[in-house]
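# Notes for the structure review
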Amino acid sequence: MSAETPVQSTGTFARLRLRFRDWRGTRPFWAGLFTLLGGIPIAYFPYATLKLGHMSLAMATTAGAGSLIIGVLLVTLGLTMWFQSATRVFAGVAAILLALVSLVISNIGGFLVGFLLSLIGGALALSWAPGEPPVEAAGEHDGADAPTGEAAPDNAPQDPSVAPQFPAAPYEKGEDGEVDGVRAAGGHRVG
């Protein structure tokens, strides 16, 4: 490579993927996805018609409207978890309650598929906690974390492989020959 070789920038797909990854990391993404996916079978199965040859099998129940309402609410709660992460506790509790109600109202919770997905999504929303902001990078300190708790002296060596030399504190001998918390004779640590 020469100095005149143009630098290749990151592709559009890679940039979008990294932006999506950053966005996904700041909210309960998987909780919203499971809750959203759980609402679809709960709302769909009561209105589905299965065709076997010339025979139609309708899954409609008298509680079709209730199933549709529960499914739409679960999809809405999943989107709420993505775009309003501050309401994740409310959305998680509501998703768990709606999943439990769907067992009775909507064909055993969308044949247990929607029930399980919504239940897992609600539990993930309750357990998610926002991350801490990244700490400053190592090496950007001003000597504040020197071994003594005080800043290193100005005449300290600048080579990081050389440990700074600080004057040793005088040791006082206590009772029974102890020197600064260590027994001199037996080698057993005290305190």
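Refer to the preceding data block for the structure.
Along each chain, residue indices are assigned from 1 in the same order as the chain's sequence is written. Totals for whole chains, interfaces and linings use every residue, but because this is a predicted model, local features are given only for residues with pLDDT of at least 70 and side-chain atom pairs only at 80 or more, for both listing and counting. Calculation of side-chain values draws on the structure's entire complement of heavy atoms; hydrogens and water are dropped beforehand.

## Describing the packing of helix α2 (residues 29-44) against helix α6 (residues 113-127)
Worth spelling out the cut-off: What counts as an axis is a line fitted to C-alpha atoms, over the stretch in contact for a helix, and the angles between N-to-C directions run from 0 to 180 degrees. Only DSSP runs of H or I with at least four residues qualify as helices, and only runs of E with at least two residues qualify as strands; both kinds are numbered from the N terminus onward. Angle categories: roughly parallel below 35 degrees, roughly antiparallel above 145, roughly perpendicular from 65 to 115, and oblique for all the rest. Handedness of a crossing is defined here by the sense of rotation of the near helix relative to the far one, left-handed for an anticlockwise turn of less than a right angle and right-handed for a clockwise turn. Throughout, a contact is declared for two residues whenever any of their heavy atoms are within 4.5 Å. Note on residue classes: Ala, Val, Leu, Ile, Met, Phe, Trp, Tyr, Cys and Pro are nonpolar, Asp, Glu, Lys and Arg are charged, and everything else, Gly too, is polar.
The interhelical angle for the contact between α2 and α6, taken along N-to-C directions, is 155 degrees, at an axis separation of 7 Å. Taken together, α2 and α6 sit at an angle that is classed as roughly antiparallel. Along this stretch, α2 crosses α6, giving a crossing that reads as left-handed. On α6, the residues touching W30, A31, F34, T35, L37, G38, G39, P41 and I42 of α2 are V113, G114, F115, L117, S118, I120, G121, G122, L124 and A125. Its residues assigned to classes, the contact of α2 with α6 shows twelve nonpolar, seven polar and no charged.

## A word on the pairing of strand β2 (residues 55-58)
This is how the line gets drawn: We treat two strands as partners when DSSP finds at least two bridges between them.
Relative to β2, strand β1 (residues 49-52) runs antiparallel, the two sharing four bridges. Its bridge partner lying in β2, T49 is registered against A58.

## As for the packing of helix α4 (residues 88-105) against α6
The contact between α4 and α6 brings their axes to 8 Å, and the two run at 160 degrees. Classified by the angle between their axes, α4 and α6 sit roughly antiparallel to one another. Read as a crossing pair, α4 and α6 show a hand that is left-handed. Of α6, the residues touching α4 (which contributes R88, V89, G92, V93, A95, I96, A99, L100, S102 and L103) are F115, S118, L119, G122, A123, A125 and L126. Looking at the contact of α4 with α6, its residues break down into twelve nonpolar, four polar and one charged.

## Topic: the nonpolar core
Worth spelling out the cut-off: Working definition of a nonpolar core: buried Ala, Val, Leu, Ile, Met, Phe, Trp, Tyr and Cys residues. They are joined through side-chain atoms within 4.5 Å. Exposure classes here rest on a 1.4 Å probe applied to the protein chains alone. A residue is buried below 20% of its type maximum, exposed above 50%, and partly exposed in between.
Core analysis: the biggest nonpolar cluster contains eleven residues, these being A31, I42, I70, L74, L77, M81, A91, A94, A95, L98 and A125. If you list the elements that add at least two residues to this core, you get α2, α3 (64-83) and α4. Excluding residues that lie within four positions of it along the chain, L77 makes contacts with T35, F90, A91, A94, A95 and L98.

## Points about the side chain of S118
Put simply, the test is: By the criterion applied in these results, polar contacts are pairs of N or O atoms within 3.5 Å in which, for protein atoms, one can donate a hydrogen and the other can accept it, and in which residues neighboring in sequence qualify only through two side-chain atoms.
Its place among the elements puts S118 in helix α6. Within the local environment of S118, its side chain forms a polar contact with the backbone oxygen of G114, the two atoms lying 2.9 Å apart. The contacts of S118, once residues within four sequence positions are left out, are F34, T35, G38, G39, I42, L74, A95 and A99.

## Considering the environment of S127
Structurally, S127 is set in helix α6. Remark: the alpha-carbon pair of S127 and A31, spanning 96 residues in sequence, is separated by 9.3 Å. Within the local environment of S127, its side chain forms a polar contact with the backbone oxygen of L124, the two atoms lying 3.2 Å apart.

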